[in-house]
Amino acid sequence: MSDATVGEGPVGEGPVGEGPVGEGPVGDGTRAVRAGLPEPVKHEPTLPGPVFAAHFHLPGDVAGPYSYGRDDNPTWTLLENAIGELEAPGRADVETLVFASGMAAISAVLFSQLRAGDAVVLPSDGYQALPLVRAQLEAYGVEVRTAPTGGDAQLEVLEGARLLWIESPSNPGLDVCDIRRLAVAAHAQGTLVAVDNTLATPLGQRPLALGADFAVASGTKQLTGHGDILLGYVTGRDAGAMAAVRRWRKIVGAIPGPMEAWLAHRSLATLQLRVDRQNATALAVAEALRQRPEITGLRHPGLPDDPAHKIASRQMRRYGCVVSFTLPTRARAERFLAALRLVEDATSFGGVRSTAERRGRWGGDAVPEGFIRMSVGAEDPEDLAADILRALDESAE
């Protein structure tokens, strides 16, 4: 890892930030283990179980935080507090809202902040569902402009936009943009900035500290890390903007179940352990793949010669668990995937079990037919690298 610094501490090390009661520096592991826990009560569990309630006792005037299950839930509150502590430690002026999925969170920001006649800038190389979002926005009279993530190209189409949507690192190509630079340019003309932080997680990157108005992510991925929860969240620093996001969640009912919220909160306790293991192994896998002549387009922001490394080392504290590369043909890629024993052929990323897929099979990404997106899990690095290299050998024609 680089020893470049960004904000709280050296890249690749636990950040230094104020503790929950100002008692001194707190590292990532401590924060992840304790984030969002309520004050201890004798004979009560450290993390209360999920609250299953469609309605709550509500005699007399409507007052207090909990009235109906579509609006709020105590289990959500604890998780929202926890994510807020990870995304913006020590900040009392931020709010987090959880959603039923990452796409629910993305949609909540876009459709709550944009109106007919507004313009929005999206990445042309972002998540494959964004073209579907674009079509819906345009149907509502919103002008949609796109540009690639790399080279800060979105600046070229930013003028007059109401909202700039950044995805850095991008999925699946792993390009990175200078979030600070884009946020400064956007705010100079009154443009809101949202950053999809799914691939980095709050332990890899803190968009609000880099100038963004919203940090948005799919909690389905590495945040929860076990491939068994659909979840999303939005963290924002403007009360008015977040009130609109909350209203959108209420209108569309895109809420997580209490069990999913509780499982997500429980999973946060191992976030730093998982992220550090997976990120280190991903870099080791990328280094091993560099030696293979059949591989082109190898990308991982942690590689010193990766096109994104210089910017990533300034704004990221960890580089992510995803590696992407291209094999010569679709047939070779499919043989490679079939030969893997420790890597499951599956979509999504960030789980403790490694996965990989030929991304072109979905048809929504502008990638070569042999393009592979690999999510590195928590297996032993030596075992995983050996399996990948063996599969490359066996899949050769």
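Quick caveat, the model's predicted, so the values are computed rather than measured.

Peer 1: It is not clear to me how the pattern of salt bridges should be interpreted in this structure. Could you clarify?
Peer 2: Think of it this way: side chains of opposite charge can pair up when their charged atoms draw near. Evaluated as defined, the whole model comprises 35 salt bridges. Residues Asp305 and Arg290 are paired through a salt bridge, measuring 2.7 Å at the closest nitrogen-oxygen approach. Separated by 15 residues along the polypeptide, Asp305 in the loop between strand E12 (296-299) and helix H9 (309-315) and Arg290 in the loop between helix H8 (271-289) and E12 bring together distant segments of the chain. Look at Asp305 and you get exposed, because its relative accessible area is 51%. In this structure, Arg341 and Glu394 form a salt bridge, with 3.9 Å as the shortest nitrogen-oxygen distance. Residue Arg341 is found in the loop between helix H10 (330-339) and strand E14 (344-345), and its partner Glu394 is found in helix H11 (residues 381-395); the two are separated by 53 residues along the sequence.

Peer 1: Could you clarify how one ought to interpret the side chain of Ser168 in this entry?
Peer 2: With respect to the secondary-structure elements, Ser168 resides in the loop between strand E8 (163-167) and helix H5 (179-188). Taking relative accessible area as the criterion, Ser168 reaches 1% and is therefore assigned buried. Side-chain polar atoms of Ser168 contact the backbone nitrogen of Cys177, separated by 3.2 Å. Once residues lying within four places of it in the same chain are set aside, the contact partners of Ser168 are Asp175, Val176, Cys177, Ile179, Asp196, Gln205 and Gln315.

Peer 1: How should the packing of helix H3 (residues 102-113) against helix H4 (residues 130-139) be read in this particular structure?
Peer 2: Two packed helices can be described by the angle between their axes and the distance between those axes. H4 packs onto H3 with a crossing angle of 30° between their chain directions and a minimal axis gap of 12 Å. It follows that H3 is roughly parallel to H4 by the angle criterion. Seen along the crossing, H3 lies across H4 with a hand that is right-handed. Contacts between H3 and H4 involve Met103, Leu110 and Phe111 from the first element and Val133, Gln136 and Leu137 from the second. For the contact of H3 with H4, the residue count by class is five nonpolar, one polar and no charged.

The rules behind these values
Residues numbered from 1 in each chain as written. Predicted model: local features only at pLDDT ≥ 70, side-chain atom pairs only at ≥ 80, totals over all residues. Heavy atoms only, no water. Salt bridge = Lys/Arg side-chain N within 4 Å of Asp/Glu carboxyl O. Helix = DSSP H or I, 4+ residues; strand = E, 2+ residues; numbered from the N terminus. Buried < 20%, exposed > 50% of the residue type's maximum accessible area, 1.4 Å probe, protein only. Polar contact = N/O pair within 3.5 Å; in protein donor to acceptor, adjacent residues only side chain to side chain. Contact = heavy atoms within 4.5 Å. Axes fitted to C-alpha atoms, helices over the stretch in contact; angles between N-to-C directions. Parallel < 35°, antiparallel > 145°, perpendicular 65-115°, else oblique. Left-handed = near helix turned anticlockwise from the far one by under 90°. Nonpolar A, V, L, I, M, F, W, Y, C, P; charged D, E, K, R; others polar.

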